[in-house]
Amino acid sequence: MDTTATATATRDKILAVALRLFADRGYAGTSVQDIVSGAKVTKPALYYYFPSKADLYQALLDRAHDERFRLMQEASARGKNLPGKLEEILNAHFEFLQSHRELLSLVYATAFAARGEMPKEIRYLAKCQRNFGLVRDLVREGQRSKQLTRGFDVEHLARGIFGMMNIHVQAELVQPGQKPTRKT
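Residues numbered from 1 in each chain as written. Predicted model: local features only at pLDDT ≥ 70, side-chain atom pairs only at ≥ 80, totals over all residues. Heavy atoms only, no water.

Draft legend 1. Molecular detail of the packing of helix H1 (residues 3–25) against helix H2 (residues 32–39). Between H1 and H2, the least distance of the axes is 9 Å, while the angle of their chain directions is 130 degrees. It follows from the interaxial angle that H1 and H2 lie oblique. You can see that H1 and H2 cross each other, and the crossing is right-handed. The segment H1 lies against H2, with Lys13, Ile14, Val17, Ala18, Leu21, Phe22 and Arg25 engaging Asp34, Ile35, Gly38 and Ala39. Split into classes, the residues belonging to the contact of H1 with H2 amount to seven nonpolar, one polar and three charged. (Axes fitted to C-alpha atoms, helices over the stretch in contact; angles between N-to-C directions. Helix = DSSP H or I, 4+ residues; strand = E, 2+ residues; numbered from the N terminus. Parallel < 35°, antiparallel > 145°, perpendicular 65-115°, else oblique. Left-handed = near helix turned anticlockwise from the far one by under 90°. Contact = heavy atoms within 4.5 Å. Nonpolar A, V, L, I, M, F, W, Y, C, P; charged D, E, K, R; others polar.)

Draft legend 2. Main features of the side chain of Gln143. Among the structural elements, Gln143 can be located in helix H7 (residues 125–144). What makes Gln143 buried here is its relative accessible area of 7%. Setting aside chain neighbours within four positions, we find Gln143 in contact with Leu148, Thr149, Arg150, Phe152 and Val154. (Buried < 20%, exposed > 50% of the residue type's maximum accessible area, 1.4 Å probe, protein only.)

Draft legend 3. Broad picture of the packing of helix H6 (residues 101–111) against helix H8 (residues 154–174). Relative to each other, H6 and H8 sit at 120 degrees, their axes nearing to 11 Å. In terms of orientation, H6 and H8 fall into the oblique class. Like other packed secondary-structure pairs, H6 and H8 cross with a definite hand, here left-handed. The residues of H8 that touch H6, namely those facing Arg101, Leu104, Ser105 and Tyr108, are Asn166, Val169, Gln170, Glu172 and Leu173. Its residues placed into classes, the contact of H6 with H8 shows four nonpolar, three polar and two charged.

Draft legend 4. Seen up close, unusual backbone geometry. For Lys40, which is not glycine, the phi dihedral falls at a positive 60 degrees. On the secondary structure map, Lys40 appears in the loop between H2 and helix H3 (43–49). Judged by relative accessible area, which is 69%, Lys40 ranks as exposed. Of note in this structure, Lys146 is not a glycine but carries a positive phi near 65 degrees. On the accessibility criterion, Lys146 (70% relative accessible area) is exposed.

Draft legend 5. Geometry of the pattern of salt bridges. In total, this model carries 13 salt bridges according to the counting rule given. Note that Arg70 is salt-bridged to Glu67, the shortest N-O span being 2.4 Å. Remark: Glu67 and Arg70 occur in helix H4 (residues 53–78); sequence separation between them is three residues, near one turn of the helix. Looking at Glu67, the relative accessible area reads 24%, which means it is partly exposed. (Salt bridge = Lys/Arg side-chain N within 4 Å of Asp/Glu carboxyl O.)

In structure tokens, the structure reads:
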């Protein structure tokens, strides 16, 4: 194995172990020692890839938000009209949840963490807003194309739609097997 492949494998192993531990124990309940022991690497190896525990956590959050955004874009492109686009986005969220449950658990744990639970270096709002912006832009376009009534405020309607999507995803996280149907 060449050094690039080895480096990538080591970094991926650290991320996988950290994800499992953070999802199970939370940020504060997971130590750097827990991660290095689980990944079977040294602390200097971990710090080579991630300067701090917060940077490691941030990398996982970024992966989740970036992958969700990519999937939302692809899903939106599959829909033929606004309802179809929104349905495809919701289904993409559920498919992502099925294969990345721990990653989404981390996202929601971060979003709903009490003040002081997460280190102040953690940044996730910009990517949340970017993901929300995709739905807001669809709502705006839906009004322009008269698929939605112009009487609704774009921001409020988009928040309602995006919020309902997230509520269904969270419900599936809490109570697996409650996946909504296409009709939902």
